[in-house]
Amino acid sequence: MKLSDLLNYDDIVIQCHDNPDADALASGYAIHSYLTEHGKLPRFIYRGRREINKNNIKKMIKDLEIPISYEPDFSEEPELLVTTDCQYGQSNVTCGKAKNVAVIDHHQVSGELPELKEVRSRLGSCSTVVWDMLREEGYNVNSNMKLATALHFGLYTDTGKLTEISHPLDRDMLDALITDNDLIRQLSLSVISLDELKITGKAILGFDYFKERSALIIEAEECDPTILGVMSDFALETEDVNICVAFYKTSQQIKFSVRSCTKEAHANELAEYISDGLGGGGGHLFKAGGFLFTEKVEEDPKDLIRDRIDRYFKKFKIIYAKDTVLDSTDMKAYEKLPVEVGTVKLSMLYPVGTPVEIRTLEGDINIFVESDTYLMIGVEGEIYPIKEAKLKSSYAPSGNSYNKSFEYSPTIKNNLTGEKKTVIEYADAVIGVGKTKIMARPLGENEYVKLFTAWDNEKYYSGKPGDYIAYREDDVHDIYIIQKDLFSLLYKPAE
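Residues numbered from 1 in each chain as written. Predicted model: local features only at pLDDT ≥ 70, side-chain atom pairs only at ≥ 80, totals over all residues. Heavy atoms only, no water.

Draft legend 1. The overall build of the protein chain, seen in detail. Broken down by element type, the protein chain carries 12 helices and 29 strands. Counting only C-alpha atoms, the protein chain reaches 75 × 55 × 40 Å along its principal axes. For the protein chain, the proportion of its 495 residues judged to be buried stands at 53%. Intrachain contacts of the protein chain at a sequence separation of at least 6 include 65% that bridge at least 24 residues. Carbon and sulfur atoms form 47% of the exposed surface of the protein chain, whose accessible area is close to 23,000 Å². Counting 58 positive and 81 negative side-chain charges, the protein chain places the averaged centre of each group 2 Å from the other. (Helix = DSSP H or I, 4+ residues; strand = E, 2+ residues; numbered from the N terminus. Buried < 20%, exposed > 50% of the residue type's maximum accessible area, 1.4 Å probe, protein only. Contact = heavy atoms within 4.5 Å. Areas by Shrake-Rupley, 256 points an atom, 1.4 Å probe, with all protein chains shown as cover. Lys, Arg positive; Asp, Glu negative; His and termini not counted. Charge placed at Lys NZ, Arg CZ, Asp CG, Glu CD.)

Draft legend 2. Quick peek at the pattern of salt bridges. For the structure on display, the rule yields 35 salt bridges. Across the pair Lys-59 and Asp-63 runs a salt bridge whose closest N-O atoms are separated by 2.8 Å. Remark: Asp-63 and Lys-59 occur in helix H2 (residues 55-63); sequence separation between them is four residues, near one turn of the helix. The residue Lys-492 makes a salt bridge to Glu-335 at a minimum N-O spacing of 3.6 Å. Taken together, the positions of Lys-492 in strand S29 (residues 491-493) and Glu-335 in strand S14 (residues 332-336) put the pair 157 residues apart, joining distant regions of the chain. Looking at Lys-492, the relative accessible area reads 28%, which means it is partly exposed. Exposure remark for Glu-335: the relative accessible area of 12% places this residue in the buried category. (Salt bridge = Lys/Arg side-chain N within 4 Å of Asp/Glu carboxyl O.)

Draft legend 3. Expanded view of a nonpolar patch on the surface. On the surface, Ile-192, Leu-194 and Leu-197 cluster together into a nonpolar patch covering about 310 Å² of accessible area. Here Leu-194 is to be found in helix H7 (residues 194-205). Given a relative accessible area of 68%, Leu-194 falls into the exposed group. (Patch = residues over 30% accessible without salt bridge, like charges linked within 9 Å, V, L, I, M, F, W, Y side chains within 5 Å.)

Draft legend 4. Structural context of unusual backbone geometry. The backbone phi angle of Asn-19 is positive, close to 45°, even though this residue is not glycine. When you line up the elements, Asn-19 lands in the loop between strand S1 (12-16) and helix H1 (22-37). Here the phi dihedral of Asp-85 falls at roughly 65°; this positive angle occurs in a residue that is not glycine. Looking at where Asp-85 falls in the secondary structure, it is placed in the loop between strand S4 (80-84) and strand S5 (101-105).

Draft legend 5. How the structure looks around the sheet that holds S4. Taken in spatial order, the six strands line up as S3-S2-S1-S4-S5-S6 in an open sheet, and their pairing is parallel. Of all strands in the sheet, those bounded by a partner on one side alone are strand S3 (68-70) and strand S6 (116-119). On average, adjacent strands in this sheet sit at an angle of 25° to one another, irrespective of strand direction. Looking at chain direction, strand S2 (residues 43-46) and S3 are connected through three bridges and run parallel. By the bridge assignment for S3, Phe-44 is matched with Ile-68. Its contacts with the sheet put H1 on S1, S2, S3, S4 and S5, and the angle it makes with S1 is roughly 165°. Contacting S4, S5 and S6, helix H3 (residues 126-136) crosses the sheet at an angle of about 110° to S5. (Pairing = 2+ DSSP bridges. Axes fitted to C-alpha atoms, helices over the stretch in contact; angles between N-to-C directions.)

Draft legend 6. Region of the structure containing the packing of aromatic side chains. The tally for this structure, following the rule as stated, stands at 14 aromatic pairs. Pairing Tyr-320 with Phe-452 gives two aromatic rings, centres 4.5 Å apart and planes at 10°, and the pair type is stacked. Residue Tyr-320 is located in strand S13 (residues 316-320), and its partner Phe-452 is located in strand S25 (residues 448-452); the two are separated by 132 residues in the primary sequence. A network of ring pairs unites the aromatic residues Tyr-273, Tyr-312, Phe-313, Phe-316 and Tyr-448 as a single cluster. When the ring centre of Phe-210 is taken as origin, the NZ or CZ atom of Arg-306, which lies over that ring, is 4.1 Å away. Of note, Lys-421 hangs over the ring of Tyr-350, and the distance from its end group to the ring centre comes to 4.7 Å. (Phe/Tyr/Trp six-rings, centres within 6.5 Å; stacked < 30°, edge-to-face > 60°. Lys NZ or Arg CZ within 6 Å of the ring centre and 35° of its normal.)

Draft legend 7. Structural context of helix H6 (residues 181-188). Taken together, the buried positions of H6 are Leu-183, Ile-184, Leu-187 and Ser-188. Axial view of H6: buried residues confined to an arc of 135°, hence all on one face. Among the structural elements, H2 and helix H4 (145-158) are those in contact with the buried residues of H6. (Arc of directions from axis to C-beta.)

Draft legend 8. Quick peek at the packing of H1 against H3. Two elements in contact, H1 and H3, have axes separated by 8 Å at closest approach and are oriented at 20°. By the angle between their axes, H1 is roughly parallel relative to H3. As H1 runs across H3, the sense of the crossing is left-handed. Residues Asp-23, Ala-26, Ser-27, Ala-30, Ile-31 and Tyr-34 of H1 touch H3, and the partners they reach there are Cys-126, Ser-127, Val-130 and Leu-134. The residue makeup of the contact of H1 with H3, split by class, is seven nonpolar, two polar and one charged. (Parallel < 35°, antiparallel > 145°, perpendicular 65-115°, else oblique. Left-handed = near helix turned anticlockwise from the far one by under 90°. Nonpolar A, V, L, I, M, F, W, Y, C, P; charged D, E, K, R; others polar.)

Draft legend 9. Local environment of helix H10 (residues 301-315). Relative to the 21 Å expected for 15 residues at 1.5 Å per residue, H10 spans 21 Å between its end C-alpha atoms, a close match to the ideal helical length. Buried within H10 we find Pro-301, Lys-302, Leu-304, Ile-305, Arg-308, Ile-309, Asp-310 and Tyr-312. If you check the start of H10, you find a side-chain oxygen 2.8 Å away from the backbone N of Lys-302, and it comes from Asp-300. (Expected span 1.5 Å × (residues − 1). Polar contact = N/O pair within 3.5 Å; in protein donor to acceptor, adjacent residues only side chain to side chain.)

Draft legend 10. Highlighting the side chain of Thr-149. Counting through the fold element by element, Thr-149 comes out in helix H4. There is a polar contact of 2.7 Å between the side chain of Thr-149 and the backbone oxygen of Met-145. Among all residues touching Thr-149, those that are not within four sequence positions of it are Leu-64, Thr-179, Asp-180, Leu-183 and Ile-184.

Draft legend 11. Expanded view of the state of the cysteines. Across all of its chains, the model carries zero disulfides by this definition. Between Cys-126, a cysteine without a disulfide, and Cys-86, which holds the nearest cysteine sulfur, the sulfur-to-sulfur distance is 8.2 Å. Left without a disulfide partner, Cys-244 is nearest to the cysteine sulfur of Cys-261, which lies 10 Å away. The buried category is assigned to Cys-244, whose relative accessible area is 0%. (Disulfide = S-S within 2.5 Å.)

Shown next, in the form of structure tokens:
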């Protein structure tokens, strides 16, 4: 769906979920601004049993002039009802009848959706969804600093103060917005009420310490999800605590926050593992969060979280490539298939020595430009550095221009100036020549690996059963993981 599709209607009501948070307000405000600029007269409302009472949310509405009204008895049947940061029919939004319905959201789909829909569950906020839709329409969000500030704060609050961001579009929006930073600080410092301070103190005093995993589990009363992050951040400063999970339970969901200060356990991966099959989770390497559907959890949530933390740590074997030589007994030799991929010489984009940030769907990579460093763009848009000697021994120019497109196009930013360039625009097409062989084998049925590569000692790559673990025949420490779905597309048995 495009925002311009909404222009086919005149009687339009925008409605966010009951007791709206900053993200619901910001995304609805953005849609209202777009429609208004195109000559429509939309109304922006929320319903439910309670009027907004959080001080920072009331301040947000007032200072950013968000045109929302509380209409608990709304009974009209508009030509178009647009639900934002929620889905029509869900229990967290009190919706009436409408001739047509549009849904714009970032949560997991939980029921049947109307024809008009834009749901992107991998994004950190609905604000990001709407920002990207506005960008596609050529709408300049920065022409209205109040709107830009609202969108920033919407993402800020929905991702635990920006700590649970996992999608590059979220980071792109932050880079692009011109905001009132002083107001954002004021709004962010008004998050905790005195009652929530009591909830925080009470929850921390009732902690459960899991000594074997240096993990702290904290159960809280229902509160604003950002409060869980406050608890976790504070608890992580405790001696002998490397992992903290804080959570609260309602009749519908169990919301949790994860913090990690050990590089062997990424918080986003642990959040995904805790929520696997029961909800959803994600975030940053050291700060993340998620939710569980209460109806799917049959045991005490604290017991479930403790058990899954234990199983998570038992599950993986950790490998540091620079200190490891793999046992090749069960490995076979393979060579590259003539698959066309992309490559970019970093010194063609920025001077040697420049610190750069490469933004990809898998996360940000921070390196310094060197004269012999290239980037490879894989068949699914994955990015990884490679030295010139290895590049030339494995690939040759294909003679074609490189014009691939992916879900997210990788970018590279000069960390000194902030200048950003799209990697693919500078890429050349190369094709595997099979000169250098690899030794590889699939990971076994219960074999899970965390691999710290020779070029990155801080971030690991996960391998699961069926994925391949491999090393270059000419460099036993150049160990890497190849996803099982990609292996047959990239390699064949060596002749």
